[in-house]
Amino acid sequence: MLSSALAVGAHAEPGGCLKYGAIGAVGGHLADHHGVLGATAGCVTGMYKRHEYRKEARMKAHLYDQEHPGAKGTYEQKATAYDVEHSTVPGAMTPFATPKPAQPPAAAPAPAEHL
């Protein structure tokens, strides 16, 4: 029961400084023992990714507020509702690209008959 309560409160954000920093440290260590430099670069990258994710979520929440005046909830909840209504995914403001149906090949023109 406790795990289901924790699952409801969790939301999917991209990894921040710790996750990207750890990956950068490993990468830096493998690249000629520059673990600290890799961790620093990874941390900066993680903070930037999370900033962009939250900025987009705020924009989606603003769009949701325009469509549904007086809606209650956090910007994360409104961004999720916007994603559901508009068939978008976190990290993309545009709807899913639906593949166009395949068109049958054009028929070859009939050869001219000689009379």
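Each value, and the rule that gives it
Residues numbered from 1 in each chain as written. Predicted model: local features only at pLDDT ≥ 70, side-chain atom pairs only at ≥ 80, totals over all residues. Heavy atoms only, no water. Helix = DSSP H or I, 4+ residues; strand = E, 2+ residues; numbered from the N terminus. Contact = heavy atoms within 4.5 Å. Areas by Shrake-Rupley, 256 points an atom, 1.4 Å probe, with all protein chains shown as cover. Axes fitted to C-alpha atoms, helices over the stretch in contact; angles between N-to-C directions. Parallel < 35°, antiparallel > 145°, perpendicular 65-115°, else oblique. Nonpolar A, V, L, I, M, F, W, Y, C, P; charged D, E, K, R; others polar. Expected span 1.5 Å × (residues − 1). Buried < 20%, exposed > 50% of the residue type's maximum accessible area, 1.4 Å probe, protein only. Disulfide = S-S within 2.5 Å.

This part is about the overall build of the protein. Each helix and strand in the protein was counted, giving 4 helices and 0 strands. Put simply, the protein runs from its N terminus to its C terminus through helices and strands in the order α-α-α-α. In the protein, once contacts between residues fewer than 6 apart in sequence are set aside, the share between residues at least 24 apart is 41%. A total of about 9000 Å² of accessible surface is found on the protein, and carbon and sulfur atoms cover 66% of it.

Here the focus is the packing of helix α3 (residues 35-67) against helix α4 (residues 75-86). In the contact formed by α3 and α4, the axes pass within 7 Å of each other and the chain directions differ by 70 degrees. Judged by the inter-axis angle, α3 sits roughly perpendicular to α4. Contacts between α3 and α4 involve Arg54, Ala57, Arg58, Lys60, Ala61, Leu63, Tyr64, Asp65 and Glu67 from the former and Tyr75, Lys78, Ala79, Ala81, Tyr82, Asp83, Glu85 and His86 from the latter. Here the contact of α3 with α4 is built from residues that sort into 8 nonpolar, 1 polar and 8 charged.

So, about α3. For α3, with 33 residues, the first-to-last C-alpha span of 48 Å sits near the 48 Å given by 1.5 Å per residue. Buried within α3 are the following residues: Gly35, Gly38, Gly42, Cys43, Gly46, Glu56, Ala57, Lys60, Ala61 and Tyr64. Against the buried residues of α3 lie α2 (17-30) and α4.

Looking now at the environment of alanine 25. Mapped onto the elements, alanine 25 comes out in helix α2. Among the residues examined, alanine 25 registers a relative accessible area of 24% and is labelled partly exposed. Residues alanine 25 and glycine 35, 10 residues apart in the sequence, show an inter-C-alpha distance of 4.3 Å. Beyond its immediate chain neighbours, meaning those up to four positions away, alanine 25 contacts Gly35, Gly38 and Ala39.

For the coordinates displayed, the defined rule picks out 1 disulfide. The disulfide that involves cysteine 17 links it to cysteine 43, with 1.7 Å between the sulfurs. Negative torsions about the S-S bond denote left-handed disulfides, and the value of about -100 degrees found for cysteine 17 with cysteine 43 makes this one left-handed. With cysteine 17 in helix α2 and cysteine 43 in helix α3, the pair connects residues that are 26 residues apart, well separated along the chain. According to the relative accessible area criterion, cysteine 17 is partly exposed, its value standing at 29%. Residue class for cysteine 43 comes out buried when judged on its relative accessible area of 15%.

Moving on to unusual backbone geometry. Its identity is not glycine, yet aspartate 32 carries a phi of approximately 65 degrees, on the positive side. Tracing the backbone shows aspartate 32 in the loop between α2 and α3. Overall, aspartate 32 belongs to the exposed group, its relative accessible area being 60%. We note that histidine 33 has phi near 60 degrees; this positive angle belongs to a residue other than glycine. Relative to the helices and strands, histidine 33 is located in the loop between α2 and α3. For histidine 33, a relative accessible area of 62% translates into the label exposed.

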